Amino acid sequence: MLSDNIQAALNKQINEELESAYAYLQMAAEGDRLGLPGFANWFRLQYGEELAHADRFFNYILERNGEVKLDAIAKPDIADETPLSLFEKALAHEKHISRCIFALKDLAKSESDHATDVFLEWFVTEQVEEEAAAQAVIDQLRLVEGSPNGLFMIDRELAARQPETA
Ligand code: FEO
């Protein structure tokens, strides 16, 4: 049985993950607008990952016999972006999500909810990867400093991203 506090926090995280998906979908549209199909592909796949993250929380709440309560999803703050600003926003967003996961984990620990604490472990690892992935593209974009050739190469690399199978 989930405590009211933990159930509310897990429901809030469903909302956070869906907001992430929504933001990445807008970023995919920005990539397309910029004429960068690789960027669009990368963000579109990230959108799918965020939906899968929301599903994990959804399924976990139901598994623990809790109640799912969906909330409104905020409009993404993504418009007129550059290739660099897209990934800077992605990184800032992932750092925010990491803080949300850590706060959830602290709450689970404070209530000795071991099952939720263990459930959240996967997300702690995932956030390390997500921050690193966004940071790696930022580093590459800074290296090429807007050179069209460099941008073309990065776009080709991002186009090669495939959906995760697990
Ligand atoms: Fe679901 Fe990108 O964190």
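As a reminder, the structure under discussion sits directly above these lines.
Residues numbered from 1 in each chain as written. Predicted model: local features only at pLDDT ≥ 70, side-chain atom pairs only at ≥ 80, totals over all residues. Heavy atoms only, no water.

Enquirer: Go over the environment of histidine 93, please, and point to the residues and values.
Expert: With respect to the helices and strands, the residue histidine 93 is situated in helix H3 (residues 83-110). Here the side chain of histidine 93 touches serine 20 through a polar contact of 2.7 Å, side chain to side chain. (Helix = DSSP H or I, 4+ residues; strand = E, 2+ residues; numbered from the N terminus. Polar contact = N/O pair within 3.5 Å; in protein donor to acceptor, adjacent residues only side chain to side chain.)

Enquirer: Residues and numbers for the side chain of glutamate 49, please.
Expert: Within the secondary structure, glutamate 49 is located in helix H2 (residues 37-63). The exposure class of glutamate 49 is buried, given its relative accessible area of 11%. (Buried < 20%, exposed > 50% of the residue type's maximum accessible area, 1.4 Å probe, protein only.)

Enquirer: Residues and numbers for unusual backbone geometry, please.
Expert: The phi torsion of most residues other than glycine is negative, and most of the peptide bonds are trans. Unlike most non-glycine residues, asparagine 65 shows phi in positive territory, near 65°. Here asparagine 65 is to be found in the loop between H2 and H3. A positive phi is found at aspartate 80, a non-glycine position, where the angle reads about 50°. Here aspartate 80 lies in the loop between H2 and H3. Among the residues examined, aspartate 80 registers a relative accessible area of 69% and is labelled exposed.

Enquirer: Just give me the short version of H3, but keep the residues and values in it.
Expert: Side chains of residues three or four places apart in an α-helix project in the same direction, reflecting 3.6 residues per turn. Under the 1.5 Å per step criterion, the end-to-end length of H3 is 41 Å for 28 residues, consistent within 8% with the ideal 40 Å. Looking one or two places after H3, you find serine 112, whose phi comes out positive at around 50°. (Expected span 1.5 Å × (residues − 1).)

Enquirer: So, the nonpolar core: which residues are in play, and what are the values?
Expert: Ranked by internal contacts, the top residues of the largest apolar core, which has 19 residues, are Met27, Phe39, Phe43, Phe87, Leu141 and Leu158. Of all the elements in the fold, those that place two or more residues in this core are helix H1 (4-33), H2, H3, helix H4 (114-144) and helix H5 (148-159). The contacts of methionine 27, once residues within four sequence positions are left out, are Phe43, Ile78, Leu86, Lys89 and Ala90. (Core = buried A, V, L, I, M, F, W, Y, C linked by side-chain atoms within 4.5 Å. Contact = heavy atoms within 4.5 Å.)

Enquirer: Help me get a handle on the packing of aromatic side chains, residues and values and all.
Expert: Under the definition given, this model contains ten aromatic pairs. Ring centres of tyrosine 60 and phenylalanine 119 lie 4.1 Å apart, and the angle between their planes is 5°; on these two criteria the pair is classed as stacked. On the criterion of sequence distance, the pair formed by tyrosine 60 in helix H2 and phenylalanine 119 in helix H4 is long-range, its members being 59 residues apart. You'll find tyrosine 60 and phenylalanine 119 in the same group, each marked buried. When the centroid spacing of 4.9 Å and the interplanar angle of 85° are considered together, the rings of tryptophan 122 and phenylalanine 123 count as edge-to-face. (Phe/Tyr/Trp six-rings, centres within 6.5 Å; stacked < 30°, edge-to-face > 60°.)

Enquirer: Now, about the pattern of salt bridges: what can you tell me, with residues and values included?
Expert: Under the criterion given, the structure shown has nine salt bridges. Where lysine 89 meets glutamate 81, a salt bridge forms, and the shortest distance between an N and an O atom there is 2.7 Å. Take lysine 89: its relative accessible area is 28%, and that puts it in the partly exposed class. Taking the relative accessible area as the measure of exposure, glutamate 81 reaches 6% and is therefore buried. (Salt bridge = Lys/Arg side-chain N within 4 Å of Asp/Glu carboxyl O.)

Enquirer: Give a description of the packing of H1 against H2 that names residues and reports values.
Expert: Interhelical geometry of H1 versus H2 gives an angle of 170° and a closest axis separation of 8 Å. Compared by their axis directions, H1 and H2 come out roughly antiparallel. For the element pair H1 and H2, the recorded crossing hand is left-handed. Partitioning the contact of H1 with H2 into residue classes produces 19 nonpolar, six polar and four charged. (Axes fitted to C-alpha atoms, helices over the stretch in contact; angles between N-to-C directions. Parallel < 35°, antiparallel > 145°, perpendicular 65-115°, else oblique. Left-handed = near helix turned anticlockwise from the far one by under 90°. Nonpolar A, V, L, I, M, F, W, Y, C, P; charged D, E, K, R; others polar.)

Enquirer: Lay out the environment of tyrosine 60 with the relevant residues and their values.
Expert: Overall, the relative accessible area of 6% leaves tyrosine 60 in the buried class. For the pair tyrosine 60 and phenylalanine 119, spaced 59 residues apart in sequence, the C-alpha to C-alpha distance is 8.2 Å. Setting aside anything within four residues of it in sequence, one finds tyrosine 60 in contact with Leu2, Leu10, Asp113, Ala115, Thr116 and Phe119. Within the local environment of tyrosine 60, its side chain forms a polar contact with the side chain of threonine 116, the two groups lying 2.7 Å apart.

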